[in-house]
Amino acid sequence: MVLKIFFPQCCNKADSGLLVGRWIPGQNSAVVLAVIHYPFIPGQVKQYIHQMRGQSGVDLTVLGSWSMPKEGQEGMESFLRDLSTIFPQGQWLQLSREMGKIGFGCHVLTRDQNGKLLQQEKELKEGGGGEKGEGKKGGKGGEGKKGGGEKGGTKKGGEKKGEEKKVEGEKGGGEKDKVIFIHYEQRKVMLSQLHPIENGVPDPQTESQLPQVFGTVCQSEPLFFLDKYDDSPVKLTHWQSEGREGSIIVELMKQASTPVCLLTTWILTLWTSLCSSRILNVRPMRFISSKLSTCVQLSYRTEHLQTVCSPTRATAHNHFMRKANISVSFFVDVCLGLLLVWWMYRENRIGKLANTLVPAADHVAKELEELLQWLMGAPAGLKMNRALDQVLGRFFLYHIHLWISYIHLMSPFVEMILWYVGLSACLGLTFALSLLSDITALLTFHIYCFYVYGARLYCMTVYGLSSLWRLFRGKKWNVLRQRVDSCSYDLDQLFIGTLLFTILLFLLPTTALYYLVFTLLRLVVVMFQGVVHLSVDFINSFPLFAMGLRLFRSYRLAEGVKFRVLCEEPGTPLHLMMDINPLKVSSVVQTYRTPTYSCYPKDSWLALCKKLFLGELIYPWRHKTTKID
């Protein structure tokens, strides 16, 4: 067996005293948390440990003694050793540090079943040495004692004068007992969150040693509140013993956060009650608000603020990280929005944009007119159905003229509209991008209408041809069973079907060409809106706080640990240094990414190509708003 002692680096030079920590259940391991300095009163030590045990919920106990050589304290080691009778434990650790050596000496004292101390004091040689060790058994206790490197019998403590009992030893078959010291940085371990699985989901069956060590140090935070400036009869050495960390700015923000959260919660309550009123829940209003990116983003930010300003304290790590990521994302979003407002209103860029917008719309309309004139002729040398070509061309040209009239009617108000729309960026860059998406949809509404007309006409033609093709083969589509069944047709049905199939087949190139052209235009608009939506989703969902911890305090998000040899001196146990392995960047994003309400389709490329081939409409939104993780 190997006894592993997790020892904090901050206690390496602590004064002599008692070791406070916890034995890990089910593991032959101990976690040292602090050193109580001499002088002390044992009764006060017991009372203090009992108090800390109640506050932290950790089974704290006195693990043993710590001896640091100092002038005038030559008998300190034997005095601390005798304290094992006051603090009875199954195993009593005696750690001592010698002058001129980095490693510690370790003695392990154990008790038998009657509670009597068996003074099995064996100098533990370094692990991995060449000497052959022997395991020892207590004469009455039957418990295996740790030794290594040299043979020796043990005497029962408190035996009568002249009476001596030897402890029978039996060889361990070539395997010798060891003690390994694992040094750790207490501050980093306490502040870190261990992620045992790559995707961040903890395994409920994990009973390994490492999570218990991290959990013990993290839950023992009340033990670290006592520093050297406190008027307490008990003095300790731990990572905050020289003074507790604090910030005046953080404390002021904590004091100011309560009234700010109450005010924000009250405003959000009024806003949600207004949004849930009957007037805004009418079916047309509800449909329009679900399709406008600005309304979706507004509801999303409202939910975010409700989460951040919730009076419920974030006790779980995931809840805390969600609140922190939302807060940092909202702060960065507002800062970027204010920067955009400053840039837009600095040199009257709003007026320049308004003066550019109307001519740009006219130019797009003129280009569409030239495109339709090209389609009404012989595009790329193709011979089209002239009658259908002229009808479709004039139909679309009429819509373009209506659109130009609408643009010129709105041109006097464009600058004023842009002026007030630009102020919405004060709510965040995501609001400005959402408004940009909605404005793009309004300015390209005629392209959307052309696409819908062409897609519907092409879809009717394709489905008509497929149905008439089944008629040629003596088949029909069974609507009830959703399958193709055999069917017998008479001569008149076959004749009419042949005529209709011929007509639709010769009209297909004309309808397909118009559908292809307007589908390409529509895809350009959808791709632009998709980039805008991706930018909004990136700002909303990217875990900025978690990524900041990963970059600047990588130990806060731990994926595991690594060990390196710290000291390997003769006559001392093996000393290892435990360093924290930070979580991978991809795992950080995957674990702490905020769920979003995505407004763009999640279809595969195959499904998208199938929709384009069959003439089904492609929307830049989902028909049912679902939460995407």
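About the criteria used
- Residues numbered from 1 in each chain as written.
- Predicted model: local features only at pLDDT ≥ 70, side-chain atom pairs only at ≥ 80, totals over all residues.
- Heavy atoms only, no water.
- Helix = DSSP H or I, 4+ residues; strand = E, 2+ residues; numbered from the N terminus.
- Buried < 20%, exposed > 50% of the residue type's maximum accessible area, 1.4 Å probe, protein only.
- Contact = heavy atoms within 4.5 Å.
- Areas by Shrake-Rupley, 256 points an atom, 1.4 Å probe, with all protein chains shown as cover.
- Phe/Tyr/Trp six-rings, centres within 6.5 Å; stacked < 30°, edge-to-face > 60°.
- Lys NZ or Arg CZ within 6 Å of the ring centre and 35° of its normal.
- Core = buried A, V, L, I, M, F, W, Y, C linked by side-chain atoms within 4.5 Å.
- Axes fitted to C-alpha atoms, helices over the stretch in contact; angles between N-to-C directions.
- Parallel < 35°, antiparallel > 145°, perpendicular 65-115°, else oblique.
- Nonpolar A, V, L, I, M, F, W, Y, C, P; charged D, E, K, R; others polar.
- UniProt positions renumbered as here; feature names shortened; annotations may be inferred.
- Patch = residues over 30% accessible without salt bridge, like charges linked within 9 Å, V, L, I, M, F, W, Y side chains within 5 Å.
- Salt bridge = Lys/Arg side-chain N within 4 Å of Asp/Glu carboxyl O.
- Pairing = 2+ DSSP bridges.
- 1 Å grid on protein atoms, 1.4 Å probe; cavity = no way out; pocket = protein on both sides within 12 Å on 5 of 7 lines; lining within 4 Å.
- Points joined across faces, edges and corners; volume = space filled by probe spheres on them.
- Left-handed = near helix turned anticlockwise from the far one by under 90°.
- Arc of directions from axis to C-beta.
- pLDDT = per-residue confidence, 0-100.

## Quick word on the overall build of the chain
Part 1 of the argument: The number of helices and strands found in the chain is 17 helices and 19 strands.
Part 2 of the argument: Buried residues in the chain amount to 41% of all 629 residues.
Part 3 of the argument: At a minimum sequence separation of 6, the contacts of the chain that also span at least 24 residues come to 72%.
Part 4 of the argument: As presented, the chain carries roughly 35,500 Å² of accessible surface, and 62% of it is formed by carbon and sulfur atoms.

## Overview of the packing of aromatic side chains
Part 1 of the argument: Within the structure shown, the criterion is met by 18 aromatic pairs.
Part 2 of the argument: With a centroid separation of 6.4 Å and an interplanar angle of 20 degrees, the aromatic rings of phenylalanine 396 and tyrosine 453 are classed as stacked. Within this pair, whereas phenylalanine 396 is found in helix H10 (residues 386-410), its partner tyrosine 453 is found in helix H13 (residues 445-472), the two being separated by 57 residues in sequence.
Part 3 of the argument: Note on phenylalanine 396: relative accessible area 2%, which makes it buried.
Part 4 of the argument: Linked through ring pairs, Phe395, Phe396, Phe450, Tyr453, Tyr514 and Phe518 together constitute an aromatic cluster.
Part 5 of the argument: Here the guanidinium or amino end of lysine 46 rests over the ring plane of phenylalanine 87, the centre of that ring lying 5.7 Å away.

## Describing the nonpolar core
The nonpolar side chains of a soluble globular protein tend to be buried with one another.
Part 1 of the argument: Judged by nonpolar contacts, the single largest core of 44 residues is most densely connected at Leu18, Val31, Ile36, Tyr184, Leu223, Leu236 and Met578.
Part 2 of the argument: For leucine 223, the residues in contact, after removing those within four places along its chain, are Val20, Leu33, Ala34, Tyr48, Met52, Leu236 and His238.
Part 3 of the argument: If you look at the next biggest cluster of nonpolar residues, it comprises 18 residues, including Cys11, Ala14, Val35 and Leu93.

## Some thoughts on the environment of histidine 107
Part 1 of the argument: Topologically, histidine 107 is positioned in strand S6 (residues 104-111).
Part 2 of the argument: Spatially, the C-alpha atoms of histidine 107 and valine 179 are 9.6 Å apart, while their sequence positions differ by 72 residues.

## A few points about the packing of H13 against helix H17 (residues 605-614)
Part 1 of the argument: Look at H13 against H17: their axes get within 8 Å of each other, and the N-to-C directions meet at 90 degrees. If you check the angle between H13 and H17, you find them roughly perpendicular. Contacts from Tyr458, Cys459, Val462 and Tyr463 of H13 reach H17 at Leu612, Phe613 and Leu614.
Part 2 of the argument: Counted by class, the contact of H13 with H17 contains seven nonpolar, no polar and no charged residues.

## Here's the deal with the UniProt feature "transmembrane region" (unreviewed entry) in the chain
Part 1 of the argument: In the UniProt entry, the feature "transmembrane region" (unreviewed entry) is given for residues 326-345, 391-410, 417-444, 450-472, 493-517 and 523-546.
Part 2 of the argument: In this annotation, residues 391-410 is assigned 100% helix and 0% strand; the end-to-end C-alpha distance for the span is 29 Å.
Part 3 of the argument: For residues 417-444, the end-to-end C-alpha separation is 17 Å, with 79% helix and 0% strand making up the annotated structure.

## Here's the deal with a nonpolar patch on the surface
Part 1 of the argument: A cluster of nonpolar side chains, contributed by Phe413, Met416, Ile417, Trp419, Tyr420 and Leu423, occupies part of the molecular surface with about 620 Å² of accessible area.
Part 2 of the argument: One can find tyrosine 420 in helix H11 (residues 414-423).

## A closer look at the pairing of strand S17 (residues 574-582)
Part 1 of the argument: Burial runs high along S17: seven of the nine residues are buried.
Part 2 of the argument: For strand S11 (residues 178-184) and S17, the ladder comprises five bridges, and the chain directions are parallel. For phenylalanine 181, the partnering residue across the bridge sits in S17 and is histidine 575.
Part 3 of the argument: Bridge count between strand S16 (residues 557-567) and S17: eight bridges; the pairing is antiparallel. Looking at S17, one finds that glycine 560 is bridged to asparagine 581.
Part 4 of the argument: Between the end of S16 and the start of S17, which pair antiparallel, lie six residues, with glycine 571 showing a positive phi angle near 85 degrees.

## Side note on the layout of surface pockets
Part 1 of the argument: Taken as a whole, the largest pocket encloses approximately 2,600 Å³ of empty space.
Part 2 of the argument: Along the walls of the largest pocket sit 49 residues, with Val250, Lys254, Arg313, Phe320 and Arg556 positioned nearest its centre.
Part 3 of the argument: Residue assignment for the lining of the largest pocket shows that the elements contributing at least two residues are helix H3 (186-191), helix H5 (248-275), helix H8 (317-344) and helix H15 (544-552).
Part 4 of the argument: Per-element tally for the lining of the largest pocket: the top contributor is H5, with 12 residues.
Part 5 of the argument: Partitioning the lining of the largest pocket into residue classes produces 25 nonpolar, 14 polar and 10 charged.

## Quick word on the environment of arginine 244
Part 1 of the argument: Positionally, arginine 244 belongs in the loop between strand S13 (236-237) and H5.
Part 2 of the argument: Expressed as a C-alpha distance, the spacing of arginine 244 and phenylalanine 225, which sit 19 residues apart in the sequence, is 6.9 Å.
Part 3 of the argument: Those residues within four positions of arginine 244 in sequence are excluded, and the remaining contacts are Phe224, Phe225 and Asp227.

## So, the packing of H10 against H13
Helix-helix packing is described using two parameters, namely the angle between the two axes and the distance between the axes.
Part 1 of the argument: Interaxial distance between H10 and H13 falls to 10 Å at its minimum, and their mutual angle equals 160 degrees. Considering their axes alone, H10 and H13 lie roughly antiparallel with respect to each other. Considering the relative orientation of H10 and H13, their crossing is right-handed. Contacts between H10 and H13 involve Leu392, Phe395, Phe396, His399, Ile400 and Trp403 on the former and, on the latter, Phe445, His446, Phe450, Tyr453 and Leu457.
Part 2 of the argument: Split by residue class, the contact of H10 with H13 holds nine nonpolar, two polar and no charged.

## Here we look at H15
Part 1 of the argument: Among the residues of H15, those classed as buried are Ala546, Met547, Leu549 and Arg550. Seen from one end, H15 has its buried residues packed into an arc of 155 degrees, which puts them on one side. Exposed residues lying more than 90 degrees from the buried face of H15 are Leu551 and Phe552.
Part 2 of the argument: Elements in contact with the buried residues of H15: H8, S16, S17 and helix H16 (585-592).

## Brief notes about the pairing of strand S15 (residues 483-486)
If a strand is regular, its side chains alternate between the two faces of the sheet.
Part 1 of the argument: For strand S14 (residues 475-478) and S15, the ladder comprises four bridges, and the chain directions are antiparallel. Within the sheet, the bridge partner assigned to asparagine 478 lies in S15 and is arginine 483.
Part 2 of the argument: The turn linking S14 back onto S15 is made up of four residues, and glutamine 482 within it adopts a positive phi angle of 55 degrees.

## Digging into H11
Part 1 of the argument: Those residues of H11 that sit buried are Val414, Leu418 and Gly422. For H11, the buried positions fall inside an angular range of 65 degrees around the axis, keeping them on one side.
Part 2 of the argument: For H11, the elements touching its buried residues are H8, helix H9 (349-375) and H10.

## Considering the confidence of the model for the chain
Part 1 of the argument: Here the chain shows a mean pLDDT of 79. Residues at 70 or above account for 83%.
Part 2 of the argument: Looking across the chain, the model is least confident in strand S10 (residues 169-171), with a mean pLDDT of 35, and most confident in H15, with 92.
Part 3 of the argument: A low-confidence stretch, residues 120-176 stays under pLDDT 50, and its non-local contacts, those more than four residues away or across chains, total 110 contacts.
Part 4 of the argument: Ignoring residues within four places in sequence, the model shows residues 197-206, a span with pLDDT below 50, making 13 contacts including any to other chains.

## With respect to unusual backbone geometry
Part 1 of the argument: In this structure, proline 39 follows tyrosine 38 across a cis peptide bond, with omega equal to 5 degrees.
Part 2 of the argument: In this structure, proline 39 sits in the loop between strand S3 (29-37) and helix H1 (42-56).
Part 3 of the argument: The phi angle at asparagine 348 is positive, at roughly 55 degrees, despite the residue not being glycine.
Part 4 of the argument: Summarising the element assignment, asparagine 348 is placed in the loop between H8 and H9.
Part 5 of the argument: Positive phi, normally seen in glycine, also occurs at glutamine 482, with a value near 55 degrees.

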